[in-house]
Each structure stands twice: as structure tokens, then as C-alpha cells.
Amino acid sequence: MASWLGGLGSGLGQSLGQVGDSLSSLTGQISSFTKDILLEGAEEVGDTATELHVSNSRLREIESINAAQKFENDRLKKVCSDLEEKHEAAELQIKQLSIEYRNQLQQKEVEISHLKARQNALQEQLQKVQTAAQTAQLAAGVLPAATASASYVSEVRHSSGFEGDDMDFGDIIWSQQEINRLSNEVSRLESEVDHWKQIAVSSKVQGTHDAEQSEICKLQNVVKELKQNLSQEIDEHQHELSVLQDAHRQKLVEISRRHREELREYEERIEELENRLQQDGVNTDAVDDSKVTEQKKKAESLDGGQVEELQVVKDLEDEIRKLNHKLSSAKAENKNLLKEQECAKLEKIQIAQDYEKLKSDFNVLQRSVAEQDALLKEQKQLQSKTSLPHDVVTLQQALLEAENEIARLSSLNQGLEKELTSAQHKHENILSSNTEDQNSEINQLRHDLEKKEQELDESVAERETLIAELEELDKQNQEATQHMIALKEQLSKQHTETDSIIKQLKLDIDCERKKVSELETEKMKTIKELDSQKEKLSHCSYALNDLQITKQQLQDNIKDLQEQLRKAQDCNSHSKKEIGELQQRLKEREEELHVSLSKLTEKSNEESNYTCQGLILKEREAEIAKLQNNVSENKQINEDLQKSLSNLRTENAKLIAAIEELKQELSDAISEKKKVYLEKDTLVEALKMEKRQLESELNETEKRLLEQAHKYKQTIEELSNTRSMDTTALQLEHERLVKLHQEKDFKLAELKKTIEQMETDHQETKEMLTTSLGGQKQLTDLIKEKEVFIEKYKNQALQVKQELEEYMKASKKQDVLKQNLEEKDRSLAVMKEENNHLKEEIERLKDQQSRSTPVVEPKTLDIIIELESEVTQLKVIKNNLEEEIKVHKKTIEDQNQATVKLQQSLQEQRKEIDESKLQCEQMNVTHERLFLEKDEEIKNLQKTIEQIKTQLHKERQIIQTYSSDLFQETKVQTLNGENGNEKHDLSKAEIERLVKGIKEREMEIKLLNEKNVSLSQQIDQLSKDEVGKLTRIIQEKDLEIQALNARVSSASYRQDVLSLQQQLQAYVLEREQVLAVLSEKTRENSQLKTEYRNIMDMVAAKEAALVRLQEENRRLSNRSENSSQDMSRETIQNLSRIIREKDIEIDALSQKCQTLLTVLQTSSTGADNGAGGVNSNQFEELLQERDKLKQQVKKMEEWKQQVITTVQNMQHESAHLQEELHKLQAQISVESDSTSRLQVDYNGLIQSYEQNEKKLKSFSQELAQVQHSIGQLYNTKDLLLSKLDLVTPSVATAATVSQLSGVQCSPPEALEECKLLQNELEQLKKKLQEKDSTIRILQENNQRLSDSVATASEIERKSQEGTESEMRQIKEKHDVLQKSLREKDILIKSKSDQLLSVSENLSNKENENELLKQAVTNLKERNLILEMDIRKLKEENEKIVARCREKETEFRALQETNMQFSMMLKEKEFESHSMKEKALAFEKLLKDKEQGKTGELNQLLNEVKSMQEKAVTFQQERDQVMVALKQKQMESSALQSEVQHLHEKEQRLNQELERLRNHLLEMEDSYTREALAAEDREVKLRKKVLILEEKLASSSTAVENASHQASLQVESLQEQLNLVSKQRDETVLQLTISQDQVKQYALSLANLQMVLEQFQQEEKAMYSAELERHQKQSAEWKKKAENLEEKVVSLQVSLEEANAALDAASRLTEQLDIKEEQIEELKKEGEIKREMLEDVQNKLMNLMNSTEGKVDKLLMRNLFIGHFHTPKNKRLEVLRLMGSILGLKKEELDQLLSEEQRGVTRWVTGWLGGGAGSKSVPSTPLRPTHQNIFNSSFSELFVKFLETESCPSLPPPKLSVHHMKPLGAAGTAQTSSTPPSSQMQDSPVSGMGRRPDANPFLAPRSAAVPLITPASSSGHLLMKPISDALPTFTPLPVSPDASAGAVLKDLLKQ
């Protein structure tokens, strides 16, 4: 089958290859067809005949292409049909396989029914045996422990039958599983039947010893437990199988459903395609591509379907192998169990023989048990009546209930045994005690009977429900069997294949055995690796602890930083207020601007009454200028906002100055704009266009302003948010960078918009050219236009001055526009070159014409005079133009001078700016790196803009070539007009043509002037360099105009006119053709324009998508990827640049193709008309360019394929990168948190520093005031001292004068003088006293000031010392933060690089997808265009056919008329002939008269009349016949044409018939070949199957022989394999987990270390520079602030102390209240806890008392069973272990073991009966026979021993039936369960080491028996919990040959 599928796959591959070849040829044909259609324009011809010829040739070509495509279509149809046939063959194969499998399933169902019948029979036998055996057991007084058989439960699981109609592999596997389960059930029932038979046989023999009977029962219990384990394992295996089957079934159903759906879809598609092919017929050309793609899809889908089928088949084979492997293992286990059962049977036979020997001893007990037997028989009869053995489900429940009852009765029987032993000890009271015991037992049995009757009623109800369910299941089974019978025939073939697969699976089993040994070796290796990994893990845990310690430290730092954050937030609020004030100022400025704008508009409205259009333009220009001023003002305001946080006052002053300057500039602008009014009347249309453009621009600018305002608001909010995160210094820089970034973004947006405007301008100029060429005006209008031109140039000169001043501020934009100018210079150079070429061509044409000039006809004087007058007028116009050009040159020179002055003023301003910048450079040193990154981004953007400009430049070149062609045409037209006048008479019409030619010249000049105007408008936006360049351009243009005028006015011009006028008549026709071509080309050009706009829209959409991606990336990395944003932008810009480059290349190629077409057309027209067109050299160059373009296209296709491959690779890598991205984002978030904390710290430090600076400023101000007051005091002191010096000498002079006067004067005069002197003295004394008091006050003030100065100096010193210490601390913190910051930055850079790479990959993929989509859309458009062309051609053909038919009808009508005319002529000739005959007859008559023969004459006349009448009739008949003949001929010709048409149709139909026949024959041939190949393959496969069956038969015999020998080995190996696989899985998991952890820890450690080191280094460098600067400033301020700081400090200290005291008091009171409440709550909780403790202690004591005397039954049972499992030579070790568990000493054990050699009975009695430790055993005298010891059971003796050992205070509690039930359940449940993880790990509390080995003696503690460790260690070792005293193990199945001694050795080692 696999080989057949492989062949099918290879056939498919070949067919698909053919399809690919056909597709490639088809694409080649399509490309050639498109080329032909593109070159159609070159073949336009004037004559209709040639056009018809061309159209016919094209029709033939199209028909040939159509035929080729039809052939291709047929071939593809063949391929499709082949594929369909192969698909059908595959479906047939699959159907055959399914039929075989279904047949197999039917066989399996039959086997299941047989096995079910056999099971029912066996179950009936089993019930019969059970009833007999239970009676026998009760007679014996011993009942074995019950075990629940879980194998019955599995029957219910599989009762659901068939889930659906999809009977496939899942059904077969399920049937196989059912067979295996039923066979296991049968084997189990057979073993149980044998067991019960043996018990029945043994029940006949009743006289046996109690001890041996108890041993038999225990052995039976062991067998049942083993069976239970086996059944549980089988059930588990079956459950796993069922789960796998269900999953597999679901998978199969889904796969088949999908496959069918796909097949239906493909069939529908194929039908649709066939219908389309039949319908279209003729229109196959256009539909070919879609069909090809559909056929490709079809082929791919068929491949996909076959691949899926192969995968399904492989999966099924693997699952069948696994299931067979499991089946073989289950069979081997069954064989082992059967062997164990045989061994058990042999042992039972031996026990039966012993039993027969002991019959005689048991006769005594038979009487006492007789009554019990009778009761039990009645009970069993009731059970047999109620239970129905025929029901499978009721049988299961009955078995479970019976086993539970057996367990309960066994507990009752133990009680009976105890009573029997007491009866044996008391020989005298045997009968009485027996009767009493029997009465009590009868009562108990009656109670049990009542309970069991109730349970039976319940089971009857359950049985009825189960019967109903069984009936439903039987119905389902019947339906399934009917379905299976129907499918039996189909599945017969697949049976052979499944047999071969089974044989292969048997071989695989041998391979698996070999793999087991390899797995063991791998296990050892993995254990070693685990140990090494554990060591690594311990190291990692130590590293983790260290990291946690560092984390705690970081958390402490975070708390400190949070406190500093609060302070930073306060500062932030102040900054917000300041920002609000600035916003208000901004609004005021904007209002002022609006007011000024309104004033301007009013003034302009007042003054612009002359021209309405000019007014509108000026208003728009004024508004644009105002808006640009607003933009510049906004930029200045942004700059002010950046600097306002550092120094607001200085910035406010600068803002005010800037606003004043702006006002001045506005006033200048208003004064200058008043001068600009008059505009051209001729440019009304152009101005309207400009007006619309300006309106759109105004709207855009308004939108931009709104967006900018919104962005500014956002940036202000971002700054306010980021301010809390960053330090003040870093914050300022960050804000500045953000604003610069935004400005650059705005610049980019503006540049893009300017590019768009340029494009629109370009298009408008094109339209203007066309309109201006269309509208030719008179000479009078030209003179007016010139005058208007002069005025406009003057106005523009004024505008240049005014707008130069405005655009000085926007110097950055000018760089971009310089590049635009350079491009325009290049375009001008190209234009000049083209003009030179044209001139050369014109000269060449002139030479040709001069050689072949015919003789000039004589001229008329009047025409010459008129021409001369016109020439003089043109000269006058030329002189005027030259004067205007001189005026313009002067104005340009004035403008240059003004620009020089403006540049000087600019340089002065720049010097001032440089001086201000020098102060800020120290701050900018650290952040220049960020600027460089931004500049790189801008450069990249500029590059992209340059590329776009190059694209535009190319377009302009194309347009210029187009315009140059137009110029050539117009020149040719004018020259033709002039030559034509000489050839023919110079009429007025020809003079008008000449005038028109001159007008065209003037229009060319006008166009050039318009170009100059547009360039001058661009000059308005440029500086001096641009102006200089434009002046050169204008000069060159003026020179060209002068040259043209000179040519017009010169004598050579007249000669040219005379020579060129000759060609006018010939060129008129050419002109008309050229105009027609032109119209077509303009239409094509408009189409190309629309395509170009679409492409630009696509580019814009791409850019928008890129912007969206950028926004998404920003959202992802909001907190920590500020630096990565820049890099991602760069990558996105690079990608956009690449896209643009590709688009530009595509556009350039398309434009080149168009230029080639135009050149070909022009060359063809030139060649047809004989005129000078394009040179052959140029044509060769164009061909070379075409070849180059083809090569480039090939390269582009190769590049595209490479791109596709890279995309696929990138898609694979993107998944890994995304996972890495998630990890990196998590790391970045952690690092961003740490950076934010550090930034908060830094903020706090710098805020404290700013506060200190503010304090210093205030202190300095206070110091200045104090110094001023001291200076004033010193001045007053000096004044007072000078006054005192003046007072003292005046007193001395007064004294001397008085003495002299006293001597000279008389006594009365002396007395008067003395009085006066005394008064003066008193006044002077008073003044002196006042001066002294003032001096004292001043001295006191001086002392106080000196004291205050001294204290202030001391305070300043102290504060300086404090600040120095603080600065040191700050330095240290600064260094730490710098280091951490650097590390973080490095990490962030690395992450950003990774992110960038990922984003680049993503964007590349997206771009490539978009490119591919564009290519697809282009192809579709091309197809549509081709279809349209074909339709047009068809329509044209139909029209031509219709015309031909009309002409044919007309021709026929003319022929008919011609025939009628000929008939008329013949009739006239006949009449003339008859008249001649009559005349002859009359002549004869006259002669006869003369002769006298009158009679004969009459006769003759009569004969003549009759003859004439006959002739007339004959003639009429002939005419009718001729007319009829003509009509018949016309009809026959029409019929012949119809017949020919029908013949053609028949031929076409015959051709199609032949093609279809050939196709059918080929299909049949291929089908027959494939059928033959399939038959050959079937024959080969059958041969192989036969060979394989023979081999399998031989190998199966060998395998069966070997399997008997290797079954034991297989069992052990399987067990080892399971263990090893589990261990291996666990170890591998642990290894992987530990390796991952180790890697993660190592990576995280390395990353953390790197980050810390880098962070510390960067922080040191950053903060050291700033600290030094701050230290310099602080040192200066501290010197000034030493005098005044102490007062402020003292006041602050006192305030803080008072506040602290108040806060402390309030806190203490609150804490006291809280503490008191907590104390009360804790007291209450303590009381509650005490009560709880007391209750718990009481409960513990009760539990201790209740559990001290209890025994773990499972433990003792396992010990006992283990003893018997071990071989006899190793039983001593078991006994020692039991002794050690029971707490016996070594000496006692040795004695017991020495006695044990005498016999088993001796060992039992000596160990359990007579021990030194027995305390409370009743001491009855023993008989010498020791009969009582032998008769007592082992369990009774052991219980007594335990009672004596434990010495319980309370009586031992009896275990009821309810207590026994959960114990068994728990035990069974836990045996089956796997060991939990808690058991596998070593507990640190218990000293004993636990191992996951199997212990057959110890069962896990059941939930029913609680084991609680007592407080004192006096309790017995068995009473303690198992977890502390002994190692707990999960029981595992032990192989029969493996001795129990090995297990015991393991236990002893522990």
C-alpha cells in the first residue's frame, strides 16, 4: 500500500511539473501579448485600407494566440482529468481497505458473541459452586476475607457499543479489546470454578485441625488478592486502551470528514470550471489566468489530501503496533497467572490430603455447627431465589454483595472461633457453653438475615433497571450487527493486510526487548546527571538567597526614594502653575495676532477695489504669512517653555523682546503688503487654480495648527508627568529633547506636505500648459500682458524683500528647498540640452530644405508690406521686453543688496545667540549623544525625501520632454505655415496662420515667464544663495528670449520663413495626425497620472500602517523604551525608504516604457511622412535601454524570490523572537522600576539643592540690606563727629571775647553780657548732652551689629560644614546612581536592539506581503485591460462585418437596378427593330400598290400584326423569365453565403469534435494504463503478502516455541521496563527543570552583575560632572550666606521642634489607644485558645485510651503471608523481622528459633501461646496431649498475645461490620494506587529513610484505623503510627520465581 501511495505521489509530482511548465509558457504568451498591445500606438496609419490591413493582421495574431491558449487549456484539462482518475483510484483503494477491516470486525463480533455465551455458562457454574462452597465454609467455621473484583466494572464501560456509522479502525480495535476482556473474564471464571470445586471437595472431608484450615483460608485470601491486583492492572490497561481508541476514533472521523468536504469542494470547482469553459468558448483569452490559478489550487489540494491520507495510514499503523504490544503483554500476564493458579491447585490438593487426615478430630465440632448450617442453607436458598444468574450485570452486583457478606461473616466467625477455643479449654461445660453460644449466634444471624433481605430487595430493584439498560444495549448491538453484516463483504480484503501487520508487530516485540537493556543503561546515566544537577541547584539556591538579601536592600532604598518623590511632586505643582501662566500668555499673543490679521484684512479690503481676484489672492497670502508667523511664534514659545523651569525671569524678558520684534515685523509686512495689488488679466485661470490650492492649504494649515496645539498640550502633560520621574537637570534636558523630537516630526510632516504641494503644482503647470497651448490670443492682448508682467515683477520684488525677512527664521526649511532648486537647475539644464538638440535638428532640416528648395513663386508686394509691418511691431515688442528685463535685473540686484544687509543682521543675531549658547553648553555636554541620534534620524528622513524628489525630478523630466515635444510641434506648425505661404497664393487665411505662429512664439515666451514666476515664488522661501541662482536662471532665460527675438527680426529669419513656408501644406496633414496621436497620448498620460496617484495613495497607506505599528510599539514600551523608540523609528523609516525606492524604480520603469512608446510613435510618423524625426542612433539607444530594463526586471524578479524566501525564514524565526521579546519585556519592566526609583532619589537630591540655593539667595538679599544699613549708620556717625568738632572751637573763642569786654566795658554792660553768655552756655550744654546720648546709642548699635555679624559668621561656618558633609553624601549617592543608570542604559540599548531587529523583521514581512499584493493587483489590472482591448477589437470586427453586409446589400440592390436598366434597353432596341421592319413592310406595300397587289398586302399586314403580337408576348415572357432568373441568382448567392457560413461552423464543430475524441481516447488510454499498473501492483503486493505469510508462519512457530521459554523473562523485563520508564521520565523531567532553572539563574546573575557595574560607572561619570559644577556655585553662595543663615535656622529649628512635639504627643496618644485595644483582643484570643487546647487535650487522651489496644489487621496479615511466601531456608530471617517488630529480644528470638526446628505447631504455640510476657492469659491446666493449643486458631492466639503486650486500661472494642467495610475498601484502593510524591521524597522529620521499593508485608494504613502517636513513648511499637516507626511502601506485583527473601533482605537493610 505504501509503495502504491508512493507511486501515486510521484505521478502527481510529474503532472504538477507539467502544469508548472504550461503555466510558465502561458505567462510568456501573456507578456508577449501585452507588449504587442502596448506597441499598437506605433502602427497608426492615415489610410482606411492600411488600417483594415493592420486590423486584419492583428485579428489573425489574436486568433493564433487564442488557438494556442485553447490548446494549453485542453492540455491542462487532460492533466486535471488524470489527477481526478488517480484520486478516484485512491478512493477505491481506501474503500477496499475499509471493506476488509469491516469484514474483520464482523468476525470479531461473532467471536465476542461466542465468548459471551461461554461466559454466561461459566457464571452459572460459578454461582452453583459458590452456593455449595459457602455452605462448606460455614460448616468449617472459617470464611476467607473478601476481595472486590474490579474486572466486572470494565464490562459496563464498553457497553456503549457503536457510537456512529463510521465503522473503521476504532471499531476493530474496540472489538479486539472486547475479545481480550471477555477471554480474561473467562479465564478468571474458570479459575474461580476450579477454586470452588476444590473447596466443595474439601468440604466433604470435615474432620480437620483448625490451624491447618486457617492456613488454607489465608492462602485462598492471598490468591484472591493476587487476582484482584491482576484484574485491577488489566482494567487500568483496558482503560488506557479505550482512551487511546476514543481519541484515535475522533481523529479518524475528523480527518475523513475534512477529506470528504475538500473532495466535494474540488469536484464542485471542477464542474464550475467545465461549465465556464463550455460557455465562454471565444472569451477563453481573458479567463485563462483564473483557470490556471484554480487548476494549480486543485492540484495542490489533491497533493495535500494524499499527504493527509498517507499520514492517517502511518498513524493507524503506529497505533496498531502499540495496541498489539499491549495485547501481547496482557496475554503473557494471563499465562503467568494461570501458572500461579496451577501451583495453588497443587498446594490445595496437598492441603486436602492433610484435611482428610484431620476429619476424625473435627467430628466433635460438627454437632454444634449443624444448626448454623441449617440457617445458612435457608439464607442461601433465599439468595438463589432472588438472584437471576442469566443477567450479566446482576451477576456482577450479586458477586460484590456476596463477597461483602463473606467479609462480614468472617468477622463473626472469628468471634465464634474465640468462643470455641474457650469451650475447648472448658471440657466439662462444652455442651452448655455451645448451646448458649449458638443461641447468641442465631440471634446475630437472624439480624444479619433481615439486613440481607433488605439489601436483596434493593438489588432486585437495581436488577430491573439494569435489565432495561441491557435490553437497550441489545437493541443497539442488533443494529450494529446488521450494519456489520452489510460491511462484511467490504472488509474481507483488509484482513490479509492486518495479519501481515500483526506479524510485523511480533517482530517489533523482539526489538523492544533489546531496547529495555539500553534503557537500563540510560537510567544509570540519568541518575548520575540528576546528582550533578542537584549540586548545581544547591549552588543556585545560595545565589538566590543572596539576591533576596539585595532585594530587601533595594526595597529599603525604594522607601527612601518614595519620600523624596513626595517632595518632587510639590515642586511639580509649582511648575504646572508656571506652565499655566505661560499658556495664558500664549493665548494673549494669539489673540493679538488675530487682531492684527483682522486689521490687515480690513486694510486690504479698503485698498483692493481695483481687482477682486487680486484681493482674494492677497488675503490668502496674508493669512498664510500670518499662519507661518504663528508657527514660528509657537516654536519660540516652545523654546521658552523648555528654559522656563530653569530660569523663568530671564526667559520672560526674552519672550517680550521676541514679541516686540514680531510686532515690528508684522507692521513691516503690513506696510510692504499694501504695495502688492495689480495682477495679470491673462492669468485669471491660473490664479483661480492657485486660489483653490491656497484654500486647501489654508484648511490644511488650520488642521495642522490644531494638531500642533493638541500635540503641544500633550507634550506639556507628558513633561508634567515625566517631571516627577526625572531629576530637574535631567528633566530639563529630557523635555528639551522631547520638544526637539516633536519639532523634527513636525518638520518631517511639513516636508511631506510640501512635496505633495509640489506634486499638485506640477500637475497644475501641466494643465496650464495644455490650456495655454489650446487658447491662442491676438497680438493686442500680448502687449497688455507684457505691461501687466512688468507690474507683477515690481510687486514680486517688493514681496521678495518682505518675505525674505519673514523666512530668515525658517532657515532649516531652506536647506530642503535648496535641494529642490538644485533639482530644478538640473531640469533646466536638461531643457537647455533638449532645446539645443531641437535647434540642431531645425538647422539640419533647413540644410535639407535648402538643398531641395524648389523655384520660389513670384510674391505680391502687399503681402510683403504686411509682413514687414508685422516684423517691425515684433521688434518694438522685443525692445520693450529687453527694457523690462533690464528693470527686472535692477530689481534683482536691489534684492541681493537687501539680502546682504539681512544676512549681516542675521550674523549679529547669531553672535548674540552663540554667546547665550556658550552658557548652556556645559549642561548640553552629557546629552549631545541623544542629539546625534536624532540627527541621524533626520538624515535618514532627508535621504528618503531626496529619493522622493528624485522620483519627482524624473517625472518632471518626462513632463518636460512632453512639453518640449509640444514646443517642437508648435514650432513646426508655425514654420510649416510660413513655408506654405510661399508655395501657394498668400491669402488672408495664410497670413492669419502666420500670426498664429507668432502668437505661439509669444505663448512660449509667456510660458517661460510663467515658469520664472513660479521660480520667483519659490525664491520667496529661500535665502541669498537661492536668489543668486534664480537670477542666473532668469538671465539665461532672457538670453534665450533675446536669441529667439533676434531670430525673428534677422534677415536669416526671413529666408527661413520663405524656405519653410513651402512645407506648410504638407505639414498641415501631419499636424492633424500628430494632434490625434497627442490626444491619445494625453489620455494615456491621464491614466498614468491616476495610476501614479493610486501608487502614492498606497504609499501613504503603507506609511499610515507603519505609523500604527510605531504607535503599538510605543504602547508596548511606554515606561522603559524611550531610547528604543528612536531605533524603532529608524528601522521603520529605513523600511519605508526601501519601499519608496522600489516604488520609484517601478514608476521609473513604467515611465521609460511610455517614453519608448512615444519615441516609437514619433519615429513611425516621421518615417511615414518623410520629415526629420528621431535619429537612428537615438532609436538604437532606446532599444539598448529596453534591454537594460528587461535585465533590471529579471533582477527585480530574482530579488522578489529572494525576498519571499527570506520572509519564510523570518516567519520561522519570528516565533522564537516573540518568545524572547516577552522575556525581554518582563526584564525591561523590572529594570524600568529600578530606574524610576533611582530617578526619584535624584529628583529629591536636586530639589533639596534648589531649596538650599533659594535660601542662599534670600540670605544674600538680607545681607545686602544689612550692609546698606551699616553703611548708612557709618555715614551718620561721620556727620555727627564733624558737627562735634565744629562746636568745641566756638566755645573757646566766646570765653576770650568775654574777658576782653569785661576789662574794657563798664559794670552794667558787663552784667548784661554775662547773662547773655550764660544763656548761650546753657543751650550749648543741652546740645552737648543730646549729642552724647546719640553717640552712645550709635555705639550700642555698632556693638550689637558687630555681635550679630560675629554670630552670623559662626552660623555660616557651621552651616558650611554641614553643607559640605551633605555634599559629600550627595556625591557618594550620585556616583552610585550614575553607575546604576549606565548599566540600565546599556541593558535598555541591548533590549532595544533586539526589539528593533524583531520589528524590522515584522515590517519587512509586511512590506513584502504588500509588494506581492501590489504585484497581484497590477497583474489583475493588466488582465482586465487586455480583456477590455479584446472586447473593443471584437466590437470593431462586428461593426466592420455589419458594414460589409450593408455594402453587400447595397451592391445587390445596384445590380438589380442595373439588370432592370439593361432589360429596358433591350426592350427599346427590340421596339426600334420592329419599327424598322414596319417601315420596310410599308415600303414593300407601296411598291406592291404600285404594282397593284393589294390583296397580298392585306394578307401580309395581317401576318405582320400577328407576328408582332407574338413577338411582344415572347418579349414579355422573356423579361419575366430574366427578372425571375436574376432574383433566383440573388437568392442563390445569398444561400451560398449562408451555406459557406454553415460550412465554416461545421468545420469548427468538427474540429472541436475531433479534439474531444482525441481527448477521450487519451483519457481512456491513460485510465487503462493506470488500471493495468494498479493490477500489476496488486499482483505484486499479493505475492509479497503470500511470501510474508509463509515467513510469518515459520517465524510464528519459532516465536511460539521461544515465547514459552521467554515468558518469565518478558514478565520481569516488562516490570523493570515500567519502573525504568517511570524513573526515566521523572529523572528527565527533573533534569530539564533543574537545567532550565540553572540557566535562568546564571543568566539573571550575569545580567544583574553587568547592569550593576555599568549603572555605577555611568552614574559616577554623570553625577561627578554635575556635582563639581554645583560645588563651585554652592561655594560662592555659601560665602555670601554665612552672615544671615543662623536666624532662619534657629526659627526653623524652634518651629520644627514645636511641630515635632505636637506630632509626637498625638502619635503617642493614638498608639496608646491602639495598644490597649490590641491587649484586650489578645487577652480574649488567649482565653479562647486555652479552651481550645483543653478540648484538644481531652480528645487526645480519649483517642489514646481508645487506640492503645487496637491492632492493625492488614499489617499482621501481610507479615503472616510473607512468612509463607518465603522459601523454607530463609524463613528464620522473616521470623527475626517479626520479632523485631513485636519488640522481642535477641535471646528470646534465638530460643524460639531453636525450638522452631522441631515443628510448625511448636513454633506457633511457643511464640504466641506460651510467652514470658503473657500476663492476663487464663491459667487453665494443660493436658499432656496439648489438644487445646492445637485446636485454637493462629489469629486468636496472636490477638491474645497483643492484648497481653499492650495492657489496655479500657476493654478492647469489637470491630463491627461497618468498621470492617471501609478498611477493605481502603486497602484495595491503596494497593492499586501509584505511590504519591510525598512518599517518594525523604521526610526530614523521621529518621528512617524511605525507599520506593515493594514490600509485600506492609500495606498502607487505611483511613478507617486512625494511628495517633501517644504523648508518652510507653506504648507498644505496633500501636505507634506507621510513618514514624516503620517505612511505608506501595505494594507492587512480585514475579513468581523471584523469592521473597530478596525483599526481606531489603527490609533488613533498612
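Here the structure is a predicted model, which means the values were calculated and not measured.

Observations concerning the overall build of the chain
Broken down by element type, the chain carries 37 helices and 0 strands. For the chain, the proportion of its 1950 residues judged to be buried stands at 36%. Here the analysis covers contacts within the chain between residues at least 6 apart in sequence; of these, 91% occur between residues at least 24 apart. For the chain, the accessible area works out to roughly 116000 Å², and carbon and sulfur atoms hold 55% of it.

Overview of the packing of aromatic side chains
Counted under the stated rule, the structure contains 4 aromatic pairs. The ring of Phe1760 carries the charged tip of Lys218 above its face, separated from the ring centre by 4.0 Å. Residue placement shows Lys1142 over the ring face of Trp1199; its charged tip is 4.0 Å from the ring centre.

Focus: the pattern of salt bridges
Tallied over the entire structure, the rule returns 27 salt bridges. The salt bridge partner of Glu1562 is Lys78, with a shortest N-O separation of 2.4 Å. Of this pair, Glu1562 sits in helix H26 (residues 1494-1681) while Lys78 sits in helix H2 (residues 48-140), and the two are 1484 residues apart along the sequence. Glu1036 is the salt-bridge partner of Lys832, the closest N and O atoms lying 1.9 Å from each other. Taken as a pair, Lys832 in helix H16 (residues 811-851) and Glu1036 in helix H20 (residues 1024-1049) lie far apart in primary sequence, 204 residues in all. Salt bridges linked by common partners bring Glu185, Arg188 and Glu192 together as one network.

Examining a positive patch on the surface
On the surface, a cluster of positive charge is contributed by Lys331, Lys335, Lys339 and Lys506. For Lys335, the location among the structural elements is in helix H6 (residues 284-357). Classification of Lys335 by relative accessible area gives partly exposed; the value is 42%.

Section: the nonpolar core
With 13 residues, the main nonpolar core has Met1756, Leu1759, Met1778, Leu1782, Phe1838, Phe1841 and Leu1842 as its most contacted residues. Mapped by element, the contributors of at least two residues to this core are helix H28 (1753-1765), helix H29 (1771-1782) and helix H33 (1834-1846).

Structural notes on helix H12 (residues 648-673)
Compared with the 38 Å implied by 1.5 Å per residue over 26 residues, the 36 Å span of H12 between its first and last C-alpha is a close match. Of all the positions in H12, only Glu651, Asn652, Leu655, Ala658, Ile659, Leu662, Leu666, Ala669, Ile670, Glu672 and Lys673 are classed as buried.

Re the packing of H12 against helix H15 (residues 779-806)
Between H12 and H15, the least distance of the axes is 9 Å, while the angle of their chain directions is 165°. The orientation of H12 relative to H15 falls into the category roughly antiparallel. The two elements H12 and H15 meet at a crossing, and its hand is left-handed. Facing H12, whose interface residues are Asp668, Ala669, Glu672 and Lys673, H15 presents Lys801, Gln802, Glu805 and Glu806. Considered class by class, the residues forming the contact of H12 with H15 number 1 nonpolar, 1 polar and 6 charged.

Things to note about the side chain of Lys1379
Position of Lys1379 among the secondary structure elements: in helix H25 (residues 1307-1491). Buried and unpaired, Lys1379 has Asp1375 as its nearest opposite-charge partner, separated by 7.0 Å. The contact partners of Lys1379, leaving out residues within four places of it in the chain, are Val1651, Leu1652, Glu1653, Gln1654, Phe1655, Gln1656, Gln1657, Glu1658, Glu1659 and Lys1660.

Some words on the side chain of Ser1232
Position of Ser1232 relative to the elements: it lies in helix H24 (residues 1176-1304). Of the polar contacts made by the side chain of Ser1232, one reaches the backbone oxygen of Ser1229; its length is 2.6 Å.

As for the packing of H28 against H29
The N-to-C vectors of H28 and H29 enclose an angle of 165°; their axes lie 9 Å apart at closest approach. Between H28 and H29, the angle is such that the two are roughly antiparallel. H29 is crossed by H28, and the crossing has left-handed handedness. Taking contact as the criterion, the partners of Leu1759, His1763 and Phe1764 in H28 are, on H29, Arg1771, Val1774, Leu1775, Leu1777, Met1778 and Ile1781. Residues of the contact of H28 with H29, tallied by class, amount to 7 nonpolar, 1 polar and 1 charged.

Description of the confidence of the model for the chain
Mean pLDDT over the chain stands at 76; residues scoring 70 or higher make up 76%. Scored below 50 in pLDDT, residues 1170-1174 shows 8 contacts in the model against residues more than four places distant or in partner chains. Long-range and interchain partners of residues 1799-1831, a stretch whose pLDDT sits below 50, account for 40 contacts in this model, where long-range means more than four residues apart.

Regarding the environment of Ala1681
For Ala1681, the position within the fold is in helix H26. Measuring from C-alpha to C-alpha, the distance between Ala1681 and Ile1355 comes to 9.5 Å, with 326 residues separating the pair along the chain. If we skip the residues at most four places from it in the chain, Ala1681 touches Leu1256, Phe1259 and Glu1356.

Looking at a negative patch on the surface
A contiguous patch of negative charge, built from Glu660, Glu661, Glu908, Glu912, Asp914, Glu915, Glu921 and Glu928, is present on the exposed surface. If you list the elements that add at least two residues to the negative patch, you get H12 and helix H17 (861-924). Per-element accounting of the negative patch gives the leading share, 5 residues, to H17. Position of Glu912 relative to the elements: it lies in helix H17.

Here is what the cut-offs are and how they apply
- Residues numbered from 1 in each chain as written.
- Predicted model: local features only at pLDDT ≥ 70, side-chain atom pairs only at ≥ 80, totals over all residues.
- Heavy atoms only, no water.
- Helix = DSSP H or I, 4+ residues; strand = E, 2+ residues; numbered from the N terminus.
- Buried < 20%, exposed > 50% of the residue type's maximum accessible area, 1.4 Å probe, protein only.
- Contact = heavy atoms within 4.5 Å.
- Areas by Shrake-Rupley, 256 points an atom, 1.4 Å probe, with all protein chains shown as cover.
- Phe/Tyr/Trp six-rings, centres within 6.5 Å; stacked < 30°, edge-to-face > 60°.
- Lys NZ or Arg CZ within 6 Å of the ring centre and 35° of its normal.
- Salt bridge = Lys/Arg side-chain N within 4 Å of Asp/Glu carboxyl O.
- Patch = residues over 30% accessible without salt bridge, like charges linked within 9 Å, V, L, I, M, F, W, Y side chains within 5 Å.
- Lys, Arg positive; Asp, Glu negative; His and termini not counted.
- Charge placed at Lys NZ, Arg CZ, Asp CG, Glu CD.
- Core = buried A, V, L, I, M, F, W, Y, C linked by side-chain atoms within 4.5 Å.
- Expected span 1.5 Å × (residues − 1).
- Axes fitted to C-alpha atoms, helices over the stretch in contact; angles between N-to-C directions.
- Parallel < 35°, antiparallel > 145°, perpendicular 65-115°, else oblique.
- Left-handed = near helix turned anticlockwise from the far one by under 90°.
- Nonpolar A, V, L, I, M, F, W, Y, C, P; charged D, E, K, R; others polar.
- Polar contact = N/O pair within 3.5 Å; in protein donor to acceptor, adjacent residues only side chain to side chain.
- pLDDT = per-residue confidence, 0-100.

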